[in-house]
Every structure is written in structure tokens, then in C-alpha cells.
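# Observations on the three-dimensional arrangement
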Amino acid sequence: MDLNGYTLTVNGYASMYNWVSYINVNKGKLIIKRDFSISGIGELIMVNNEDYVYVGGSFDFECSGSNLTAGEIEIKGNFKQRPYNSGSGLTVANFTPKGSHKVVLSGNSIQTVTFTNPQYSSFATLGITKPLYSYEISSGVRWNSLLEVKPIKINKVYTDKPNYQIKNSTIVVTAEADGGIDKLYEFWEYNKITGKWRIIRPYSESNSFSWEPKIAGEYIISVHVKDRNSQASYDAYKYLSEQFVILDEPLKPVVINSIIADQKSPQEVNQPIKISVNASGGYKLLYEFLLFDGSKWMVLQPYSTNIVFEWAPLRKGNYIISVHVKDKISKNNYDTYKHFNFSITELNQ
């Protein structure tokens, strides 16, 4: 059997025995969802870095030989090496990986590793996803190197530009991740107008992507990361911390055109006074109303889309009313402000 770059998936058990069983992975993938046993005259051949064998259960190896110099065998269950019995004698050195070949034991529960002939058969690189003491490894089992495979974790996702840009701009999105063996990165965008996700860069080895949005709108960017041979659609994901606003044209500066009170100063206490602001520019404006009573500033209304605030002063005094305006996508405390004075008197008796 020569996979020749293709993937063969068996959704149950697989057993190859009692005939000539040569399996050449040959830049392909052999996926066995449950137990896999191979015995008899034959050979498992993995000589390319792309070669991959996945065993969702236990793997029993009892064939006459192996040619394992590259690639990876991932096993979720137990591993057992047994010699091949030709009838005229035993072949004890039948599982003998070399070079960059890896066997990764990635099961969630305790996995046992048994070599009937550990003095002749061994691992090249043994990969473990749990502490070594979590495995039950028979006496004498050897490996040339031990690889501790940690879960993939995305530490951060960031861009080289602020979170509002003109359409057709080039925005470099980068993800920094740890863990795994050979990580791949996939980039997605969510258009808040259409309500749909789409892949903007399929999985590749590069952890950066040059995004060039063509349509104005609000976007969420997500990065999926997986090990090259992972059977999951992703092993980890992370959103860009801020949504991206893509504009048709550059924003105009935020300007307060006017602040108007519906009552003239002075007014008596408890008299409702509506304060209205008219501003322009920016993308989506937010408004904050503040009051200075002569000793301290206080917020009458936190930032919101409301352009009117009704103030009913409880004490007489000379006040300063201030309005801060900022763009929704601005990182400033305010983009501009204006203020005016207003006096409050006691009720006439």
C-alpha cells in the first residue's frame, strides 16, 4: 500500500497480518480511528517529514521490519512491540526508528509502552504530552531523545496599525503561540454587517498575515492554531482584542459645533436644565457630561451616544459645565471638549 501523498482513514479497527504487508506512507497520512495492529512479513515505511500515522486506540507492531527515518506516529492508546516469528526464528530488531522520526503518545489517560525486545528495538524521538511518570513504560525501553509536547497556547494577537483604517490598506496581523510540535496558523474575519465568518488565510506555517479589507465595516479578527498533524480543526484560537473599523475615506477631526442650554443663566435650584451638544467628524461619537462645583469635577453622564443631558441642580453656586466628545474607536480620554459657566440661585421667596 502506497499512500502517495493521500490520506487513508479507517473509522474503526485495522489489522494487517499473515501476508506481505508493506505500508509506504509516502508523504501521506494513515488515520486509524481505533486500534491498529500490523504483523507478518512486511514493513512500515516513513522516510519523509510529511509522513504521518495516527492511531486513535492501541498500536501493536509485530511485522518483520520498519524503515522509519522521518515523520510522526501519534498514538492515543498503548504501544506494544513484539518480535516477528517467521517460524524459523524471531526477528527482534523490527521496530528501529532513526533520524528525525517521532512517536508521540498523546492519550488523555494512562498509556503503557511495552517492548518485548528493548535491547534491539527502540524509539528515535519519543514525544510525551503528559509528565513522564504518567506513563507505564516497561523496563529497558530506550529512546534517543525525549520531546515534551505542551498544549498549544496563543499568547497574543496584534496588528501593526491602529484599529481603524481605510479600505484596501495593508494590515499585518500576527499571532504569538507556544507549544505543539509543528504549528500552523489560520486567519479568520467576522463581518458585523453580514454576520458571517470567513477564512482569509488558510493554515500555513507563517504566524503573520497581510490583511487587505476591500469593504468598509466593522470586523473581528480571529486566529486558529493547530499542530500540523492534529485531527482537530484547531487546537487553540484567540480573537484580536479590539474590533477593526474599516472606512471608505479618512475620518474628519472631531469638532464640537455648539453646546446649548434650554435655560439662560442664572436659574433657581431644582429647575431642570437641558444641555444639548452638536458635534461632527469621527466615526461614531460618544458624549460625556461633567460638572465643576468650584472644588471638584464630577461626571454627570458617562460616555454614551446621548447628546442631551437634563441637569437639575440642588444647590446654588457658580458652576462650569463641560462636555467631552470622543470617537468610539479613539483611545483618548477625549478628542475635544467645550465648557460654559452657569449660575444657580436660591428659590425666590
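See the structure printed just above.
A few points on the structure. Within any chain, residue numbers begin from 1 and follow the written order of that chain's sequence. A pLDDT threshold of at least 70 governs which residues receive local features in this predicted model, and a stricter bar of 80 or more applies before side-chain atom pairs are shown or counted, although totals over entire chains, interfaces and linings include all residues. Each side-chain value is derived from all of the structure's non-hydrogen atoms; neither hydrogens nor water enter the calculation.

### A look at the overall build of the protein
Quick note on the threshold: Going along the chain from the N terminus, every DSSP run of H or I of four or more residues is numbered as a helix, and every run of E of two or more is numbered as a strand. Atoms considered for the radius of gyration are the C-alpha atoms alone. The globule rule reads 2.2 Å times the number of residues to the power 0.38. Classification of residues uses two cut-offs on accessible area relative to the type maximum, computed with a 1.4 Å probe and protein chains only: under 20% is buried, over 50% is exposed, and between them is partly exposed. It only takes one pair of heavy atoms within 4.5 Å for two residues to be counted as in contact. The protein chains shown are the only cover counted for residues, whose accessible areas, like all others here, come from Shrake-Rupley with a 1.4 Å probe. By the counting rule applied here, Lys and Arg register as positive and Asp and Glu as negative, while His and the ends of each chain are not counted. Where a charge lies is defined by one atom per residue type, namely NZ (Lys), CZ (Arg), CG (Asp) and CD (Glu).
Counting its regular elements, the protein contains zero helices and 33 strands. Its C-alpha atoms give the protein a radius of gyration of 34 Å, more than 25% over the compact-globule value 20 Å for 349 residues. With respect to the principal axes defined by its C-alpha atoms, the protein has extents near 120 × 40 × 30 Å. Across the 349 residues of the protein, 42% fall into the buried class. Residue pairs in contact within the protein that sit at least 24 positions apart in sequence constitute 50% of those at least 6 positions apart. When the accessible surface of the protein is summed, it comes to about 18,200 Å², and 49% of that surface belongs to carbon and sulfur atoms. Side-chain charges in the protein split into 36 positive and 33 negative, and the spacing between the mean points of these groups amounts to 2 Å.

### Looking at the nonpolar core
Heads up, the condition is: We define the nonpolar core as a collection of buried residues of types Ala, Val, Leu, Ile, Met, Phe, Trp, Tyr and Cys that are connected through side-chain atoms lying within 4.5 Å of one another.
Core analysis: the largest hydrophobic core is formed by 30 residues, its most contacted members being Phe-36, Leu-44, Phe-59, Phe-79 and Phe-123. Contacts of Phe-79, omitting those with residues within four sequence positions, involve Phe-59, Phe-61, Phe-95, Thr-112, Val-113, Thr-114, Phe-115 and Phe-123.

### Some thoughts on the pattern of salt bridges
Rules: One speaks of a salt bridge when a side-chain nitrogen belonging to Lys or Arg is within 4 Å of a carboxyl oxygen belonging to Asp or Glu.
Under the counting rule described, the total for this entry stands at 14 salt bridges. A salt bridge links Lys-192 to Glu-218; the nearest nitrogen and oxygen atoms lie 3.8 Å apart. Placement of the pair is Lys-192 in the loop between β20 (183–191) and β21 (196–204) and Glu-218 in strand β23 (residues 217–227), with a sequence separation of 26 residues. For Glu-218, a relative accessible area of 9% corresponds to the buried category. For Glu-218, the salt bridge goes to Lys-284, with nearest N and O atoms at 3.3 Å. Here Lys-284 lies in the loop between β28 (273–280) and β29 (285–292) and Glu-218 lies in strand β23, a separation of 66 residues in the sequence. Residues joined in a network through salt bridges with shared partners are Lys-192, Glu-218, Lys-284 and Lys-328.

### Notes on the sheet that holds strand β26 (residues 255–261)
As a reminder of what qualifies: Note on pairing: two strands pair once DSSP finds at least 2 bridges between them. In this description, a line fitted to the C-alpha atoms serves as the axis of each element, helices being fitted only across the stretch in contact, and the angle between N-to-C directions of two axes falls anywhere from 0 to 180 degrees.
Ordered by their spatial adjacency, three strands build an open sheet running β26-β28-β31, and the pairing between neighbours is antiparallel. In this open sheet, the two edge strands, each paired with only one partner strand, are β26 and β31 (308–311). Each strand axis lies, on average, 20° off the axis of its neighbour in the sheet, ignoring direction. In the sheet, β26 pairs with β28 via six bridges, with the strands oriented antiparallel. The residue bridging Ile-260 from the neighbouring strand is Ser-276, located in β28.

### Things to note about the sheet that holds strand β16 (residues 143–148)
Within the open sheet, the seven strands sit side by side as β1-β4-β6-β8-β12-β14-β16. Their pairing is parallel. The open sheet terminates on both sides in strands that have one partner only, identified here as β1 (7–10) and β16. Looking at each pair of strands side by side, their axes are set apart by 15° on average, direction ignored. Bridging between strand β14 (residues 123–128) and β16 involves five bridges; their strand directions are parallel. Bridged to Ile-128 within β16 is Glu-148.

### Side note on the pairing of strand β25 (residues 244–247)
Taking every second residue as pointing to the same face, both faces of β25 are buried, with Phe-244 and Ile-246 on one and Val-245 and Leu-247 on the other. Examined bridge by bridge, strand β18 (residues 164–166) and β25 share three bridges and lie parallel to one another. Paired with Gln-165 across the strands is Ile-246, a residue of β25. Here three bridges tie β23 to β25, and the two strands are oriented antiparallel to one another. When the sheet's bridge partners are listed, Tyr-219 is paired in β25 with Phe-244.

### Some remarks on the packing of aromatic side chains
Put simply, the rule is: Here a pair means two rings of Phe, Tyr or Trp (six-membered ring of Trp) with centres within 6.5 Å. Their orientation is stacked below 30 degrees between planes, edge-to-face above 60, and tilted elsewhere. Whether a charge lies above a ring is judged from NZ of Lys or CZ of Arg, which has to be within 6 Å of the ring centre and within 35 degrees of the ring normal.
All chains considered together, the criterion is met by 23 aromatic pairs. Ring plane angle 55° and centroid distance 5.0 Å describe the contact between Phe-79 and Phe-95, whose orientation is recorded as tilted. Taken together, the residues span a long stretch of sequence, with Phe-79 in strand β9 (residues 79–81) and Phe-95 in the loop between β11 (90–91) and β12 (102–105) at a distance of 16 residues. In this structure, Phe-79 and Phe-95 share a single accessibility class: buried. Measuring from centroid to centroid gives 5.0 Å for Phe-115 and Phe-123, while their planes differ by 80°, and the two rings are edge-to-face. Residue Phe-115 is classed as buried on the basis of its relative accessible area, which comes to 4%. The structure contains a cluster of three or more aromatic residues connected by ring pairs, namely Phe-36, Phe-59, Phe-61, Phe-79, Phe-95, Phe-115 and Phe-123. One residue, Lys-156, lies across the ring of Tyr-158, its end atom 5.0 Å from the ring centre. For the cation-ring pair, Lys-226 lies above Tyr-203, with the distance from its terminal atom to the ring centre recorded as 5.4 Å.

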